[in-house]
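# Working through the structure, step by step
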Amino acid sequence: MSGDQESNSKPADPFESFRAIRDAYLDAMAKTMVEAVNTEAYAQASGAMLEGTLTAVTPFREAMEKSVTKALEQLSLPSRQELAILAERFTHVEMRLDDMDMKLDRIEKILSRARSAPGPAEKDASQTSVSQQAARPTGVKAPATANRTTARRRFVPAKKTKAMGK
Amino acid sequence: MEPAVVSAEPLRLMEERLRTLNRVLTTKAPIAQTPKELVWSLNKSKLYRYVPTAPEHERYRIPLLLVFAIMNRPSILDLRPGHSFVEFMLGRGYDVYLLDWGAPGLEDREMKLDDYALEYLPRAVHRVKAISGTEEFSMLGWCIGAILTTIYAAMRPDEGLRNLLLLTAPLDFSNRNGLTFARWVDEKYFNLDLVLETFGNMPGEMIDYGAKALKPVENYISNYCKLWDNLDDPRVVESWHAMNTWVTDNIPMAGAAYRQLIVELYRNNRLMKNELVVRGDRVDLSRIRANLLTVIAAGDHITPPCQSEAILSKVSSRDTELFRIPGGHIGIMAGSGARQTTWPHIDGWLSARSR
């Protein structure tokens, strides 16, 4: 009885009856295909096909690019290439800013070390001012570094991807 | 004669299965859910710090930086809640950072491996050290990410890299008969200049096709049969859905970096021969001194084991280990067995070297 119930609750699967045959066929096919793609003939054929396709498409692509560039020029709009150049320049500026940030980090680290371990000559002269500055131990982030780091950090909450079908 | 009783149940279940199939094939699963902060960015690259979950006194001092490939999303490292390497490592007390290279645009077509390894990576490392307040760090590179971390480790051996973990690292290209990719991209057959002239960057779809064509029946047929056979098992369905979401999210590879990968590595094996030149300097693998763990997937068809073994004899590191594990290129880190095998081994190795 329970067996009847189980068979009734199973979904009707049109592939059920020949699953074993299917798997055996796929296994054999998989081995053959792995061998086939690992041959010089396949490499040659796929290379030739790719080259043929790209060569055939190139004149159309170039013509299309030219006409789009011309149309954009007429409309006083930047082309894809021009936007790419602009983006490249932005990256360079970003890189320079990052360089400055790294330099500031180093300067702050040096200053932090100097404050926590004053030399014997300056020890007497600046005893009062150093003690006023409440020296930080080595390795502790200077406030400015911490501020810059915190300002740059942004909390990224768990991504909410739409779960469909529920 | 009694009329036959026709149950509507099988039809209802069939309808349910088809609905599940439709959902899985037409929607994206929620992946990369572990909370994180953006702590640095440059161009398309972003450095994230995951919100620590272990109490402060139980955390390791040395932070861990994860570096994935440049032509796939790094979300595979944080696939789904309850099955995420990042989540696992956070739970074990690591301060985890992830460098996401982002998707290159046309403006990035001249970006080379040099730029990734010696311009972006050192800046991210600097930020990791500044935030964690330590001069030392561990770095895990996976796939092409392992090439980049290896170049970095060889070129910047004095910047505090204590532990280097390489997962399925394609570093040695000497065994050309064992590498199907090497055969496909041979200069006799593959017109690299035409491809890059046409597209600028190497399109993600072409890279994806290349990876799948290595095992066409498994990737284009058996994979879907497995889903069909298990449509009644929510665990298998959700796992398949998450993996499919990651697999189908392809990004292009920067043109110049792709050219280097093909010409310098696949065709001429320059990295392993210590002949690769980046930023005008030769990459000498013997300069790597960090503790080294190399993880090899025995059944890897994308990076066969022969590509990752030789590195151990090239470095100067005193503390080295090769960990060979059954499984495929992605499966060893994101498969159902990873939590019991690969992750605990990485944790065990790293914990002893992170204090």
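First, a word on what this report is: a plain description of the structure on this page. Just so it is clear, the model here is predicted, and its values are computed rather than measured.

## Considerations on the packing of helix H1 (residues 9-26) of chain B against helix H9 (residues 234-247) of chain B
All names here are of chain B. At a minimum axis distance of 9 Å, the contact between H1 and H9 shows a crossing angle of 25°. Taken as axis vectors, H1 and H9 run roughly parallel relative to one another. Between H1, through Thr20, Arg23, Val24 and Leu25, and H9, the contact on the second element is made entirely by Val237, Glu238, Trp240, His241 and Asn244. Looking at side-chain class alone, the contact of H1 with H9 contains four nonpolar, three polar and two charged residues.

## A few points about the packing of aromatic side chains
Considering all chains together, one arrives at 13 aromatic pairs over all chains under this definition. Seen in terms of ring centroids, Tyr60 of chain B and Tyr94 of chain B are 4.5 Å apart; in terms of plane orientation they differ by 25°. Their pairing is stacked. On the criterion of sequence distance, the pair formed by Tyr60 of chain B in the loop between strand S2 (45-50) and strand S3 (64-67) and Tyr94 of chain B in the loop between helix H2 (85-91) and strand S4 (96-100) is long-range, its members being 34 residues apart. Given the relative accessible area of 13%, Tyr60 of chain B is considered buried. Classification of Tyr94 of chain B by relative accessible area gives buried; the value is 1%. Members of the aromatic cluster, each reached through a chain of ring pairs, are Tyr42 of chain A together with Phe173, Phe181, Trp184 and Tyr266 of chain B. The ring of Trp228 of chain B has Arg17 of chain B lying over it, and the distance from NZ or CZ to the ring centre is 5.1 Å.

## Section: the packing of helix H2 (residues 19-37) of chain A against helix H8 (residues 216-229) of chain B
Where H2 of chain A contacts H8 of chain B, the axes come no closer than 8 Å and their chain directions differ by 160°. The orientation of H2 of chain A with respect to H8 of chain B, classified from their angle, is roughly antiparallel. Read as a crossing pair, H2 of chain A and H8 of chain B show a hand that is left-handed. Residues Arg19, Arg22, Leu26, Met29, Ala30, Met33 and Val37 of chain A of H2 of chain A form the contact with H8 of chain B, whose own contacting residues are Pro216, Val217, Glu218, Ile221, Ser222, Cys225 and Asp229 of chain B.

What counts and how
Residues numbered from 1 in each chain as written. Chains lettered and ligands numbered in written order. Predicted model: local features only at pLDDT ≥ 70, side-chain atom pairs only at ≥ 80, totals over all residues. Heavy atoms only, no water. Axes fitted to C-alpha atoms, helices over the stretch in contact; angles between N-to-C directions. Helix = DSSP H or I, 4+ residues; strand = E, 2+ residues; numbered from the N terminus. Parallel < 35°, antiparallel > 145°, perpendicular 65-115°, else oblique. Contact = heavy atoms within 4.5 Å. Nonpolar A, V, L, I, M, F, W, Y, C, P; charged D, E, K, R; others polar. Phe/Tyr/Trp six-rings, centres within 6.5 Å; stacked < 30°, edge-to-face > 60°. Buried < 20%, exposed > 50% of the residue type's maximum accessible area, 1.4 Å probe, protein only. Lys NZ or Arg CZ within 6 Å of the ring centre and 35° of its normal. Left-handed = near helix turned anticlockwise from the far one by under 90°.

Purely geometric stuff here, so don't read any function into it on its own.
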